[in-house]
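Okay, here's what each chain looks like letter by letter:
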Amino acid sequence: MNKHTTIASNRLFQGLPDHELSEIEKIAVEKKYGRGESIFFEGDEGNGFYIVIEGRVKIFKMSMQGKEQILHIFGEGEPFGEVPVFHGQPFPATAEALVATRVLFLPRRDFVKIVTQCPSIALNMLAMLSMRLRRFTTQIESLSLKEVPARLASYLLYLSEEQGGGDSVELEISKGQLASLLGTIPETLSRIFAKMSEEGLIDVQGRTIRLLDRPGLEER
């Protein structure tokens, strides 16, 4: 996707007339990041937000002991870092490109001027943030109340919905990154994958995972 397509097709800007989309396009700056390159760090000034044109970005926090906890992974068309647009506070976590990635950066000051002239953008952002909050609440509940096998089962079912509802899903991140997202370690995750395969719940072929027993996964 290019800059115009990314903006015009983004759910944040749905329903906007062409002249308002053009104003957004004027302030958007395209940036490129290599695999493993940081986009911003926790505590950096929240001077704008980003939209992924292509690639993948992980949002994570690092503990004092050096343990990484992935909070979100965003792909093509998804915005991230948008909360500072409203409150102007520093970024609460770190963003890093998982692969070669292109993003659009929308500076906070310029974007706020556009929002004041077009309140429907604020409503779209509110809807987006509400959806994010719901997803984040589910993740916190999963990490707090579920054992790791149940977390993995829930994630695979969620991934299936995100990828069209089929019985085969593609992991777009490494198993090490998935372990971090689920709040565990790679060795434990590998054992759970193996056990679920033995139980006939899933079939793992590299990064392709077939969901053989949806009811069984839902009962986890």
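Residues numbered from 1 in each chain as written. Predicted model: local features only at pLDDT ≥ 70, side-chain atom pairs only at ≥ 80, totals over all residues. Heavy atoms only, no water.

A. Up close: the overall build of the protein. The secondary structure content of the protein amounts to nine helices and eleven strands. For 220 residues, the compact-globule estimate of 2.2 N^0.38 gives 17 Å, and the C-alpha radius of gyration of the protein, at 19 Å, lies within 12% of that figure. If one aligns the C-alpha atoms of the protein with their principal axes, the spans along those axes are about 55 × 40 × 30 Å. Relative to its 220 residues, the protein shows a buried fraction of 42%. When contacts within the protein are restricted to residue pairs at least 6 apart in sequence, those whose partners lie at least 24 apart make up 69%. Carbon and sulfur atoms form 51% of the exposed surface of the protein, whose accessible area is close to 11,600 Å². Computing the positive centroid from 26 side-chain charges and the negative centroid from 30, the protein places the two 3 Å apart. (Helix = DSSP H or I, 4+ residues; strand = E, 2+ residues; numbered from the N terminus. Rg over C-alpha atoms; globule rule 2.2 N^0.38 Å. Buried < 20%, exposed > 50% of the residue type's maximum accessible area, 1.4 Å probe, protein only. Contact = heavy atoms within 4.5 Å. Areas by Shrake-Rupley, 256 points an atom, 1.4 Å probe, with all protein chains shown as cover. Lys, Arg positive; Asp, Glu negative; His and termini not counted. Charge placed at Lys NZ, Arg CZ, Asp CG, Glu CD.)

B. Local environment of the pattern of salt bridges. Counted under the stated rule, the structure contains nine salt bridges. Among the salt bridges present, the one from K58 reaches E96, with a minimum N-O distance of 3.8 Å. On the criterion of sequence distance, the pair formed by K58 in strand β4 (residues 57-62) and E96 in strand β7 (residues 94-97) is long-range, its members being 38 residues apart. In this structure K58 comes out as buried when scored by relative accessible area, which is 6%. Using a relative accessible area of 17% as the deciding quantity, one classes E96 as buried. Note that R210 and D203 form a salt bridge whose closest N and O atoms lie 3.8 Å from each other. Bridged by salt links that share partners, the residues E30, E54 and R102 form one connected network. (Salt bridge = Lys/Arg side-chain N within 4 Å of Asp/Glu carboxyl O.)

C. Examining helix α8 (residues 186-198) more closely. The terminal C-alpha atoms of α8, which comprises 13 residues, lie 18 Å apart, in line with the 18 Å expected from a rise of 1.5 Å per residue. Three or more residues of α8 are buried, namely T188, L189, I192, F193 and M196. The buried residues of α8 occupy an angular sector of 140° when projected down its axis, which confines them to one face. Among the exposed residues of α8, those oriented more than 90 degrees off its buried face are R191 and E198. In the core, the buried residues of α8 are packed alongside α6 (148-162), α7 (175-181), β10 (202-205), β11 (208-211) and α9 (214-218). Looking one or two residues beyond α8, the residue adopting positive phi is G200, at roughly 80°. (Expected span 1.5 Å × (residues − 1). Arc of directions from axis to C-beta.)

D. Representation of the sheet that holds β11 within the structure. As summarised here, the arrangement of the three strands in space is β9-β11-β10, forming an open sheet in which the pairing is antiparallel. Of all the strands in the sheet, just β9 (168-170) and β10 have a single pairing partner and so form its edges. Taken over all neighbouring pairs, the strand axes of this sheet differ in orientation by 20° on average, direction set aside. Bridge analysis of β10 against β11 gives four bridges, and the strand direction is antiparallel. In the strand pairing of β11, Q205 is matched with T208. (Pairing = 2+ DSSP bridges. Axes fitted to C-alpha atoms, helices over the stretch in contact; angles between N-to-C directions.)

E. Representation of the UniProt feature "domain: HTH crp-type" (unreviewed entry) in the protein within the structure. Mapped onto this numbering, the UniProt entry annotates "domain: HTH crp-type" (unreviewed entry) at residues 146-215. Strand forms 16% of residues 146-215 and helix 53%; the C-alpha atoms that close the span are 17 Å apart. (UniProt positions renumbered as here; feature names shortened; annotations may be inferred.)

F. Broad picture of the sheet that holds β4. Read across the sheet, four strands follow the order β2-β7-β4-β5 without closing on themselves; strand pairing throughout is antiparallel. What marks the edges here is a single partner per strand, and that holds for β2 (38-40) and β5 (68-74). In this sheet, neighbouring strand axes are inclined to one another by 35° on average, regardless of whether the strands run parallel or antiparallel.

G. Geometry of the domain arrangement of the protein. In terms of domains, the protein is made up of domain 1 (3-135) and domain 2 (146-219). Relative placement of domain 1 and domain 2: their C-alpha centres are 28 Å apart. The partner domain 2 presents eight residues to the eight residues of domain 1 that form the contact. A combined buried area of about 750 Å² lies between domain 1 and domain 2, and 51% of that area is made up of carbon and sulfur atoms. On the domain 1 side of the interface with domain 2, the three residues burying the most area are R56, I70 and I73, jointly 48% of the side's total. Taken together, the connections running from domain 1 to domain 2 amount to zero salt bridges. At the boundary of domain 1 with domain 2, the tally comes to five residue pairs in polar contact (both at pLDDT 80 or more). Among the elements that take part in the side of domain 1 that touches domain 2, β5 stands out by supplying five residues, more than any other. Of the residues assigned to the side of domain 1 that touches domain 2, the class counts are four nonpolar, one polar and three charged. (Domains from an automatic or database assignment. Buried area = accessible area lost by both parts, 1.4 Å probe. Polar contact = N/O pair within 3.5 Å; in protein donor to acceptor, adjacent residues only side chain to side chain. Nonpolar A, V, L, I, M, F, W, Y, C, P; charged D, E, K, R; others polar.)

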